[in-house]
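One-letter residues, chain by chain:
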Amino acid sequence: MKSLYEYLKSVKDHRRAQGQRIPLSAFLEMIVLAGMSGHFGFRPIHRFINTNEAFFIERYNLQHGVPAYATIRNFIQELDYKELYTVLYKWGSQYIGGDDWASLDGKVIGSTVTNCNNSEQNYKNMVSMFCNKKGIIISTQSVENKKENEGQAARELIESFELKGITFTLDALHCQKKLRKPSWSQEMSMSYK
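Computed from a predicted structure; not experimentally measured.

J.: Would you explain the sheet that holds strand E2 (residues 124-131) in this entry?
T.: In any sheet, the strands associate via hydrogen bonds between backbone groups, in a parallel or an antiparallel arrangement. Taking strand neighbours across the sheet as the criterion, the 4 strands line up as E3-E2-E1-E4 in an open arrangement whose pairing is mixed. Bordering the open sheet on either side are strand E3 (136-144) and strand E4 (167-169), each of which pairs with just one other strand. Neighbour-to-neighbour, the strand axes of the sheet open up by a mean angle of 20°, direction not taken into account. In terms of strand pairing, strand E1 (residues 101-108) meets E4 through 3 bridges, oriented parallel. When the bridges of E4 are listed, Trp101 appears paired with Thr167. Sheet strands in contact with helix H7 (residues 150-160) are E1, E2, E3 and E4, and its direction is about 35° off that of E2.

J.: Could you clarify how one ought to interpret the pairing of E2 in this entry?
T.: Two faces make up the sheet, and in a regular strand the side chains alternate between them. The pairing of E1 with E2 spans 7 bridges and is classified as antiparallel. Pairing of Val108 across the sheet is with Asn125, part of E2. Of the strand pairs in this sheet, E2 and E3 are connected by 8 bridges, and their pairing is antiparallel. By the bridge assignment for E3, Cys131 is matched with Ile136. Counted between consecutive antiparallel strands, the loop separating E2 from E3 contains 4 residues, among which Gly135 sits at a positive phi close to 75°.

J.: How should I be thinking about helix H2 (residues 24-36) in this particular structure?
T.: Residues spaced three or four apart along an α-helix face the same direction, because each turn holds 3.6 residues. The end-to-end C-alpha separation of H2 is 18 Å, in line with the 18 Å expected for 13 residues at 1.5 Å each. Of all 13 residues in H2, 10 are buried, a share of seventy percent or more. Buried within H2 we find Leu24, Ser25, Ala26, Phe27, Leu28, Glu29, Met30, Ile31, Val32 and Ala34. Against helix H1 (4-8), helix H3 (42-51), helix H4 (53-60), helix H5 (69-77) and helix H6 (81-93) lie the buried residues of H2. Looking at the residues trailing H2, positive phi occurs at Gly38, about 90°.

J.: Would you mind going over the environment of Leu88 with me for this structure?
T.: Checked against the element boundaries, Leu88 lands in helix H6. Overall, Leu88 belongs to the partly exposed group, its relative accessible area being 27%. Residues Leu88 and Ile138 lie 50 residues apart in sequence; the distance between their C-alpha atoms is 9.2 Å. Excluding anything up to four places from it in sequence, Leu88 contacts Leu4 and Val32.

J.: Sorry, what's going on with the pattern of salt bridges here?
T.: A pair can form between side chains of opposite charge whenever their charged atoms are brought close. With the rule as written, the count across this model stands at 4 salt bridges. We note a salt bridge from Asp13 to Arg15, for which the minimum N-O separation is 3.0 Å.

J.: I'm lost on H6 in this one. Help?
T.: Along its 13 residues, H6 runs 18 Å from first to last C-alpha, staying within 8% of the 18 Å computed at 1.5 Å per residue. When we look at burial in H6, the residues that qualify are Leu84, Val87, Trp91, Gly92 and Ser93. In this fold, the buried residues of H6 make contact with H1 and H2. For H6, the N-terminal cap is Asp80; the gap from its side-chain oxygen to the backbone nitrogen of Lys82 is 3.3 Å.

Parameters and conventions
Residues numbered from 1 in each chain as written. Predicted model: local features only at pLDDT ≥ 70, side-chain atom pairs only at ≥ 80, totals over all residues. Heavy atoms only, no water. Pairing = 2+ DSSP bridges. Helix = DSSP H or I, 4+ residues; strand = E, 2+ residues; numbered from the N terminus. Axes fitted to C-alpha atoms, helices over the stretch in contact; angles between N-to-C directions. Contact = heavy atoms within 4.5 Å. Expected span 1.5 Å × (residues − 1). Buried < 20%, exposed > 50% of the residue type's maximum accessible area, 1.4 Å probe, protein only. Salt bridge = Lys/Arg side-chain N within 4 Å of Asp/Glu carboxyl O. Polar contact = N/O pair within 3.5 Å; in protein donor to acceptor, adjacent residues only side chain to side chain.

Encoded structure:
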C-alpha cells in the first residue's frame, strides 16, 4: 500500500517555481493531517501546523520552518479541490475491502433551498458513502434536485466503487420497482459472492 505522501506527489503544483520553500506534497499532507485532526479553516490549520512545528520540520527536512498564516491561506485559496479529492479517494479506497460495509445517504444543504413554498422548489443534496468499520466517508457527490436525484447519485457512487465484497446499506428511498436495466458491470458485481 502506498502512503498518503506518495499519493499527494501526483497532485499538480499550481504555484510558481520562484520562492518555493516547501514541497507541494509536504504542504498538502500538513493540511490534510490538520483536517483529519478536526482543524478546519485557515486559522485552525495554521495553529495545528505551528503546534506540530518540530515534527513537520523533521519529517520534511524544512530549512525555513513551517508556512506562515498568509502562505497557508493563499495556498488553500488556489488549490484544485477536485484533483485533491480524487487523490484522497484513491488513497483511502486502498484500505476498504473484504468484509467492510458502507452506508449511502443524502442530506439537503439547507442554505441552498429556493422557492420552498411552490412546485419550483430546488435545492442541493450531498450524497455520501460512509465506511462503517473504518469510520470514514469514502466518496461524496453533489446533486441538484431539479436535474438529478439521490437514487441516481447513489447508483453512480456504487458503480464507481470498484472493490468487491462490500455490503451497501441504503434507505427506503432506493427501493424502486421501475429502474433502468443495470449495466453489465452492475450485474457482475451483483452476482459476485
